[in-house]
Amino acid sequence: MKMSKYIIILGVLVVAAAFMFWPSNISRREAQELAVAHVGGGHANPAERDFERLQRAWSVEVFYSGLVHEVYVNSRTGAIIRVEVDRWD
């Protein structure tokens, strides 16, 4: 019984890793450009692979007007999934 639990956990980890590193339609650079355009300007840090709302996404921090905008861009379609805004201290 113990061995089957470990096999299931290993399987889930393998599937998650494969999903995370599967090629994207939207490049890192395109995700950064989409995020900056969505915010209206600013400077973007390099995009990082992430999951957001059960979707593969690029997470991009955009610094603009004294705020940090965390923009999640769908890595397949380029759609903006969600944006979080915090003060830049």
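Please read these numbers as outputs of a predicted model, since none were measured by experiment.

1. Some thoughts on the environment of E48
Okay, step 1: Mapped onto the secondary structure, E48 falls in strand β2 (residues 48-52).
Okay, step 2: Under the relative-accessibility criterion, E48 is labelled exposed at 54%.
Okay, step 3: As a C-alpha pair, E48 and A31 span 17 residues in sequence and 9.5 Å in three-dimensional space.
Okay, step 4: Ignoring any residue separated from it by four or fewer positions in sequence, one finds E48 in contact with R28, A57, W58 and S59.

2. What about the pattern of salt bridges?
Okay, step 1: According to the stated counting rule, one finds two salt bridges in the structure shown.
Okay, step 2: The partner of R82 in a salt bridge is E84, with the nearest N and O atoms 2.7 Å apart.
Okay, step 3: The exposure class of R82 is partly exposed, given its relative accessible area of 24%.
Okay, step 4: Via salt bridges that share partners, E52, R82 and E84 belong to a single interconnected network.

3. Focus: the nonpolar core
Okay, step 1: Within the largest apolar cluster, 12 residues are counted, these being I26, A31, A35, V36, V39, A44, A47, W58, V60, V62, V71 and V73.
Okay, step 2: Only α2 (28-39), β3 (55-64) and β4 (67-74) provide two or more residues apiece to this core.
Okay, step 3: Among the elements that line this core, the one with the most residues is α2, at four residues.
Okay, step 4: When sequence neighbours within four positions are dropped, the list of residues in contact with A47 reads R28, A31, Q32, W58, S59 and V60.

4. With respect to unusual backbone geometry
Okay, step 1: The phi dihedral of S65 is positive, around 55°, even though this residue is not glycine.
Okay, step 2: Mapping S65 onto the fold places it in the loop between β3 and β4.
Okay, step 3: Overall, the relative accessible area of 62% leaves S65 in the exposed class.

5. Remarks on α2
Okay, step 1: In this model, α2 (12 residues) spans 17 Å end to end at C-alpha, consistent with the 16 Å of a helix rising 1.5 Å per residue.
Okay, step 2: Taken together, the buried positions of α2 are occupied by A31, Q32, A35, V36 and V39. Looking down the long axis of α2, one finds its buried residues gathered within 130° of arc, a one-sided arrangement. Counted as exposed and oriented over 90 degrees from the buried face of α2: R29 and A37.
Okay, step 3: In this structure, the buried side of α2 is in contact with β1 (43-44), β3 and β4.
Okay, step 4: The first or second residue beyond α2 is G40, which carries a positive phi of 105°.

Conventions and cut-offs
Residues numbered from 1 in each chain as written. Predicted model: local features only at pLDDT ≥ 70, side-chain atom pairs only at ≥ 80, totals over all residues. Heavy atoms only, no water. Helix = DSSP H or I, 4+ residues; strand = E, 2+ residues; numbered from the N terminus. Buried < 20%, exposed > 50% of the residue type's maximum accessible area, 1.4 Å probe, protein only. Contact = heavy atoms within 4.5 Å. Salt bridge = Lys/Arg side-chain N within 4 Å of Asp/Glu carboxyl O. Core = buried A, V, L, I, M, F, W, Y, C linked by side-chain atoms within 4.5 Å. Expected span 1.5 Å × (residues − 1). Arc of directions from axis to C-beta.

So far we have only geometry, and geometry alone does not tell us how the molecule works.
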